[in-house]
Amino acid sequence: MDINPHTHFLYLRNFTYFSFFSEVHHSDHVATTVVETLAITAVFLVSVAANVGAAAMVMWKRRLLTNKTILTLNLFVADLLFVSMIPLIVAVRWTVSWMLGYTACHIVLYVICVSGCVTVTTLATISVERVQAILRLRTVPTLNRKMVTATLFFIWAFSALTSIPLSLFFTVMEVDIPEQERVHICTLKWPDTAAEIVWNVAFTVLCFLLPGFIIVASYSKILQIAKRCRLRLRPRDSQSPVGDALEYHVSRQDMKLFRTLLFLVFSFLIMWSPIFAINFLILARNFLGHLDVSSTMFFWVVTFTLANSALNPILYSVCQFKNSWRRFCCGSAVALMVAAEFWEQGDLERTVLDQQPIPMMDRNHSEELPKMQCGFINFVCSFVYKFSRFHIEITPMFDGLTINRGEWRALADVYEAKMKAIEDEKKRLEGGDEVQEGGKSKTCVVS
């Protein structure tokens, strides 16, 4: 690696610069690095699989793009960006000396901080968007392309700008190690200590405390609205609150989303607090010479924080799609049992009564079951559950019916696409049979 001729030389024992990912005092380098590599590689693999799987699940369940869907996908993108730095970290743990060049040194911790700031800012944005949707009485999720685009631009620009000092002041330096050869480390070189203190405090407030406060305030507002909704559902002789000109409604989906956000915020708070703490310890070691912060300690703190990118999609999937997993595991068996009972009834009509059963009970039309279920839901079930507009207690059942219809509709679309492809292929073959060699028709010959 090319080294700047003006690079500084110093001893690490002076505690002037922190080596971050380069550990130069390992007594058993190979064994320790193997354990570190296995741990952080596991975090990387789980994180990639969990985020890709959660994103696919969101796209499958939310076929129509909405504001909160795009913001949720932004969370998974930030987590994937977060763990993308793991290969560089592993390489440095093995080589000890920084051999990845100046560009990699400028971006490693910068990308980590940007992705973390994007994650917590996106969580705060989702909470604000949901509060606005409730206050504006929007019961149907919508997509405002301009608003979402501007919001995403602001989130990424804000995160990039607040983290820019890490990119500017991280640099490669050559250091002398007593009784060892010179090594290169990627370290943070601030122009003065005051600037480092100001940035650490400002970044913690803007990208950690402020978004957390916004989420707590939004959740408190939702709880207040939900409480007023419950009061309106009391018997008529009870006194209802006076002074609310508008009657807001908090759906079960909104409450479930906010509970999910709280879990994500708590996990973020728990798993990101150590890295903020160790950054302040690294800052304090400039004033307290006896304070020892090793690169190994920093590595494990970063690994613990990186694990948040694997935990986030898992928590989101468990909180948001637990009913889907339950339906996937149990609902399919129940549906097949009901269908088998219908087909058995149809078999009896065909063999005993010697009459053709209706298509829903005809085993020969089993592939059309999703289409028939959609018709049954549309023309029978929906009219019953539409009374939920007058009785809010049965709204969850109507919501479940709507979700169920969407699942059957997806299966029906697959079947219809399959049948259309078969029909198109059949027409193509029939059209080909009418053409003779030389392009003449078999059915009409003009002499």
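Quantities reported herein were computed from a predicted structural model and do not represent experimental measurements.

Draft legend 1. Expanded view of helix α2 (residues 67-83). The end-to-end C-alpha distance of α2, which contains 17 residues, comes to 25 Å, matching closely the 24 Å that a straight helix rising 1.5 Å per residue would cover. Here α2 lies mainly inside the structure; 14 of its 17 residues are buried.

Draft legend 2. A look at the pattern of salt bridges. Within this structure, the stated rule accounts for 6 salt bridges. Note that R409 is salt-bridged to D413, the shortest N-O span being 3.1 Å. Linking R409 with D413, this pair stays in helix α12 (residues 395-433), spanning 4 residues, or about one helical turn. Salt-bridge contacts for E416 lead to R409; the nearest nitrogen and oxygen are separated by 3.1 Å. Judged by its relative accessible area of 35%, E416 falls in the partly exposed class. The exposure class assigned to R409 is partly exposed, which follows from its relative accessible area of 32%. Through salt bridges that share partners, R409, D413 and E416 make up one connected network.

Draft legend 3. Geometry of the side chain of K68. The residue K68 is located in helix α2 in this model. Using a relative accessible area of 15% as the deciding quantity, one classes K68 as buried.

Draft legend 4. Structural context of helix α5 (residues 145-162). Over its 18 residues, α5 extends 26 Å from the first C-alpha to the last, a length consistent with the 26 Å expected when each residue adds 1.5 Å. Buried residues of α5: V148, T151, I155, S159 and T162, and no others. Projected onto a plane normal to the axis of α5, the buried residues spread over an arc of 90° and lie on a single side. Turned more than 90 degrees away from the buried face of α5, the exposed residues are R145, K146, T149, F153 and L161.

Draft legend 5. Structural view of the pairing of strand β2 (residues 183-188). In terms of residue burial, β2 counts as a mostly covered element, since 6 of its 6 residues are buried. Of the two faces of β2, both are covered, the one formed by V183, I185 and T187 as well as the one formed by H184, C186 and L188. The pairing of strand β1 (residues 170-175) with β2 spans 6 bridges and is classified as antiparallel. In the strand pairing of β2, T171 is matched with T187.

Draft legend 6. The environment of W94, seen in detail. Mapped onto the elements, W94 comes out in helix α3 (residues 86-95). Classification of W94 by relative accessible area gives partly exposed; the value is 38%. Separated by 60 residues in the primary sequence, W94 and V34 have C-alpha atoms spaced 8.8 Å apart. Those residues in contact with W94, other than ones at most four positions away along the chain, are H29, V30, T33, V34 and T37. Side chain to side chain, W94 and T37 meet in a polar contact 2.9 Å long.

Draft legend 7. Broad picture of unusual backbone geometry. If you check the backbone angles, F20 has positive phi at about 55° while not being a glycine. Along the chain, F20 falls in the segment before α1 (29-61). On the accessibility criterion, F20 (5% relative accessible area) is buried. Phi is positive for V96, close to 65°, though the residue is something other than glycine. On the secondary structure map, V96 appears in the loop between α3 and α4 (101-135).

Draft legend 8. The state of the cysteines, seen in detail. Applying the stated criterion to the full structure yields 1 disulfide. Between C105 and C186 runs a disulfide, and the two sulfur atoms are separated by 2.0 Å. Judged by the sign of its S-S torsion, about 90°, the cystine formed by C105 and C186 is right-handed. Of the two residues, C105 is situated in helix α4 and C186 in strand β2; the sequence distance between them amounts to 81 residues. The cysteine C113 is free of any disulfide, with C207 supplying the nearest cysteine sulfur at 8.5 Å. For C113, a relative accessible area of 11% translates into the label buried.

Quick notes on the rules
- Residues numbered from 1 in each chain as written.
- Predicted model: local features only at pLDDT ≥ 70, side-chain atom pairs only at ≥ 80, totals over all residues.
- Heavy atoms only, no water.
- Helix = DSSP H or I, 4+ residues; strand = E, 2+ residues; numbered from the N terminus.
- Expected span 1.5 Å × (residues − 1).
- Buried < 20%, exposed > 50% of the residue type's maximum accessible area, 1.4 Å probe, protein only.
- Salt bridge = Lys/Arg side-chain N within 4 Å of Asp/Glu carboxyl O.
- Arc of directions from axis to C-beta.
- Pairing = 2+ DSSP bridges.
- Contact = heavy atoms within 4.5 Å.
- Polar contact = N/O pair within 3.5 Å; in protein donor to acceptor, adjacent residues only side chain to side chain.
- Disulfide = S-S within 2.5 Å.

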